[in-house]
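# A closer look at the structure
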Amino acid sequence: MAHIPATSLGSKSKKHFLGVPAPLGYVAGVGRGATGFTTRSDIGPARDANDVSDDRHAPPAAKRKKKEEEEEDDEDLNDSNYDEFSGYSGSLFSKDPYDKDDAEADAIYENIDKRMDEKRKEYREKRLKEDLERYRQERPKIQQQFSDLKRSLIMVSEDEWANLPEVGDSRNKKQRNPRAEKFTPLPDSVLSRNLGGETASTIDARSGLASMIPGVATPGMLTPSGDLDLRKIGQARNTLMNVKLSQVSDSVAGQTVVDPKGYLTDLQSMIPTYGGDINDIKKARLLLKSVRETNPNHPPAWIASARLEEVTGKVQMARNLIMRGCEVNPLSEDLWLEAARLQPPDTAKGVIAQAARHIPTSVRIWIKAADLETEAKAKRRVFRKALEHIPNSVRLWKAAVELENPEDAKILLSRAVECCNTSVELWLALARLETYENARKVLNKARENIPTDRQIWTTAAKLEEANGNNHMVEKIIDRALTSLSANGVEINRDQWLQEAMEAEKSGAIKCCQAIVKAVIGVGIDEEDRKQTWIDDADHCAKEGAFECARAVYTFALSEFPSKKSIWLRAAYFEKNHGTRESLEAILQKAVAHCPKSEVLWLMGAKSKWMAGDVPAARGILSLAFQANPNSEDIWLAAVKLESENSEYERARRLLAKARASAPTPRVMMKSAKLEWALNNLEDALGLLEDAVKVFPDFAKLWMMKGQIEEQKKLLERAVETYNAGLKKCPNSIPLWILLSSLEERRKLLTKARSVLERGRLKNPKNPTLWLAAIRIEIRAGLKDMANTLMARALQDCPNAGELWAEAIFLEARPQRKSKSVDALKKCEHDPHVLLSVSKLFWSERKIQKCRDWFNRTIKIDPDFGDAWAYFYKFELQHGTEQQQNELVERCVTAEPKHGEDWCRVSKDIANWCLKTDEVLKAVVKILPTPI
């Protein structure tokens, strides 16, 4: 056998691919189904962008060299950073200093850029607007797409609304989920009933029903036949419950913690009411335990610990803690009171008894002991025991007296004022229970013991008034001020005025007046007296103390008898809060002191006239004539009195005398109006022609002349009259509107527009003329033109409430609410805007909101007749008869005079004799219902 060298054998056994790199895409084991994977050694270690670089351990010299290379690379402006249009992305001169020339160059370039931008601005904005409009036309909002459908909802009847199914309607549940089934556990009562038509008390253990009952395999529950006995299950359950109740019952101290009968109902009260984190409770418990152990004589720590346990539902532990605290701190009344609160009523009595033994001088503990008693007799016994220990406690005496009948209370109070002779309340209570003579003695003793209290003096004054000794009241009050001042008491007029108000509320009018008279001048400077007293009277009237206010006015008038302003305020006060007799009495005194005041004479005459006493009214006016000869107001008041009472001839004679003695524009106007009202049109025109020659600047004369000519169908003459009037009175807005309305009725729409345009040129920024122009376009059916005019009007008069009110109802229904919000932002307190918002709520059937806004409107401007009329129409539809009558009474009291619709009726010559309530009902007939 030949010898073979070892090297040749090794070379034969070596594989040819060992040490050779693997071909591209080679995956080991792919032929037998293995999948490839990649390890970290294949791709290198993963590194975050923020990780420290690998050269962190390099020497410092190498680090510096690398940093310098990076800076050179950054500063290198290579071709990759070059752009053909903008040049290098970096700054070529970043290293050079930024000097003044550079700043000037930058400013020039910036101005050039701004100028170029302004040239393109108009085109850019126009194109943006066109693109926005095109976008909105192509993609309208969902609200706009459904606006016609929303509008058609008006036609839906109430029955159709009522029949619309709700989202969660039970009638549709089966349709939505027909396969849904409900499984309800079967109770024992059903199982024990008639199953299968036969009375049975057992169930076959092999049946499906047996699987519903827990414990079916319990021994003893099966009958010999293998059936399940239901009766035994019920008995076993009751037995098990009794065993559990017996286990939790506690016989310590003869007390049962768990009530077996009310166990189930009491389970709810055992649920902790605290909803916080359990860890917070543990921390608080440890902290409070530390406080108790550190300072056991600190009662708040024990109280806080007990309340913590109470909050977490551990009432018994709270009781134990608080009782332990009471043992440690037996002299803390707070601890005893908290213990009594935590204990049940029966146990609480024992706790509070222990507290009374430890602290017999604690008023709070004795009052708590009385509160725990249920019978009045026991309460009285507790209070008497308490008074033995604490005879000087006013609180205990008061509580004890409240439980006694009047006779026993009198005895107790006699003893109480001996023990507590500085208590005003006890003295006053005793005085109220005594007879008149004894009460005077009691109050005298009280003054001796307490010489610094004003209530004793005022009570004495009330006592004398109640017994008819009115002459003593003022003396007692004067003596009171003298005595109190002597004893060093400061006389505070505000406190005394408050005392006067209290006296009035108690019915002691004389006492109230005496107090006001005595203190009204205390501490006031001479020059401030008038204004201060007027403010006092207003304050009293606002508080409802009308007698106090009357007393203030009486005193002020005695000091200032010739001041017309005080007489007027007193007269208005009597008109609002007094009787007709009191008003006439004060007016009679007023005209005696101020005979030159026409207003006071007229108020007296009107009061007599409203009461139906026309001869007395004439007498007052005749006296007024003597005091104020040739007074225009008195002449016209006399004419109105005669004309209102159908004495037209007397009215004519009075007006003739007035024209002869006091020919004023108003007298001429009233003369013509009387003839016009009596249908003497020729006489009226004659008077007006004479009047406009004498008084060409009085616009109402021109207006009346033109209206009478319109009534006589002399339209050309009316146009001439209006034009002539406008030459003399270019600032009369009603004259411009009358001419425009006349041209519109003559079908000359262009002329009507031009008239209003001329009026706006003469009277810029006038909302009434803008509104008239807008309404002409609305009546002509040109709503787009009306909207354009409205936009211009609101630019010209941005705070005009009547324009905003009209703008709200120019919008479509969906946009009205947003428009009303804009209107309220601009004119928050304008009555026209508030009225429009009220009408808007009315159209939406929001009844209560509408009523609230109507009330707000007439409160802001009670002279606005349109608001009263719309409110009355609303109440006729949605209010009760009582609400309607109340509103009419309020309107008559307010006597509104202004408002577009109101004046259209009240100024109509056919309605010249209508009273306020009749005008209100007439206006309602012409008003449309808001929709």
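Now for a look at the structure at hand. In this text the structure is predicted, and so the values were computed from the model without any measurement.

### Things to note about a nonpolar patch on the surface
Together, Ile108, Tyr109, Ile112 and Met116 give the surface a local cluster of nonpolar side chains, amounting to about 410 Å² of exposed area. Here Met116 lies in helix H4 (residues 100-138). Residue classification places Met116 among the partly exposed positions, given a relative accessible area of 39%.

### Some thoughts on the packing of aromatic side chains
Per the counting criterion, the structure on display carries eleven aromatic pairs. Relative to Phe854, the ring of Trp842 has its centre 6.2 Å away and its plane inclined at 75 degrees; by these criteria the two rings are edge-to-face. On the criterion of sequence distance, the pair formed by Trp842 in helix H45 (residues 831-843) and Phe854 in helix H46 (residues 847-860) is long-range, its members being twelve residues apart. Among the aromatic residues, ring-to-ring pairing joins Trp842, Phe854, Phe871 and Phe874 into one connected group. Here the guanidinium or amino end of Arg447 rests over the ring plane of Trp457, the centre of that ring lying 4.4 Å away. Sitting over the ring of Trp853, Arg856 keeps its end group 4.1 Å from the ring centre.

### Quick word on unusual backbone geometry
Positive phi values are uncommon outside glycine, yet Asn679 reaches one of about 70 degrees. Along the chain, the position of Asn679 falls in the loop between helix H35 (665-677) and helix H36 (681-694). At Lys713, a position not held by glycine, the phi torsion is positive, near 65 degrees. As for its position among the elements, Lys713 is in the loop between helix H37 (699-711) and helix H38 (715-728).

### Regarding helix H24 (residues 470-486)
Between its terminal C-alpha atoms H24 stretches 25 Å, which fits the 24 Å expected from 17 residues at 1.5 Å a residue. Regarding H24, the residues found buried are Val473, Ile476, Ile477, Ala480, Leu481 and Leu484. Buried residues in H24, looked at end-on, bunch into an arc of 135 degrees, giving them a common side. For H24, exposure combined with an orientation more than 90 degrees from the buried face picks out His471, Thr482 and Ala486. Next to the buried residues of H24 lie helix H23 (454-466), helix H25 (493-505) and helix H26 (509-519). The first or second residue beyond H24 is Gly488, which carries a positive phi of 80 degrees.

Basis of the calculations
- Position numbers for residues start from 1 in each chain and track the written sequence from start to end.
- This being a predicted model, a pLDDT of at least 70 is required before a residue's local features are given, and a value of 80 or more before pairs of side-chain atoms are given or counted; all residues contribute to the totals for chains, interfaces and linings.
- The basis for every side-chain value is the complete set of non-hydrogen atoms in the structure, without hydrogens or water.
- Within this analysis, patches are made of residues with over 30% relative accessible area and no salt bridge. Like charges are joined at 9 Å or less; nonpolar side chains (Val, Leu, Ile, Met, Phe, Trp, Tyr) at 5 Å or less.
- In this description, accessible areas are obtained by the Shrake-Rupley approach with a 1.4 Å probe, and a residue is regarded as covered only by the protein chains that are shown.
- For this document, the term salt bridge refers to a Lys or Arg side-chain nitrogen within 4 Å of an Asp or Glu carboxyl oxygen.
- Secondary structure elements follow DSSP: runs of H or I no shorter than four residues count as helices, runs of E no shorter than two count as strands, and numbering proceeds from the N terminus.
- Under the scheme applied here, a residue whose accessible area is under 20% of the maximum for its type counts as buried, over 50% as exposed, and between as partly exposed, the area being computed with a 1.4 Å probe on protein chains only.
- Each Phe, Tyr or Trp ring (for Trp, its six-membered ring) is paired with any other whose centre lies within 6.5 Å, and the angle between the two planes then decides the class: stacked below 30 degrees, edge-to-face above 60, tilted in between.
- By definition here, charges over rings are those cases where NZ of Lys or CZ of Arg is within 6 Å of the ring centre and within 35 degrees of the ring normal.
- Working rule for helices: expected span equals 1.5 Å times residues minus one.
- Picture the helix axis, draw a direction to every C-beta atom, and the arc is the one those directions span.
- Only heavy atoms matter for contacts: two residues are in contact if any of them lie within 4.5 Å across the pair.

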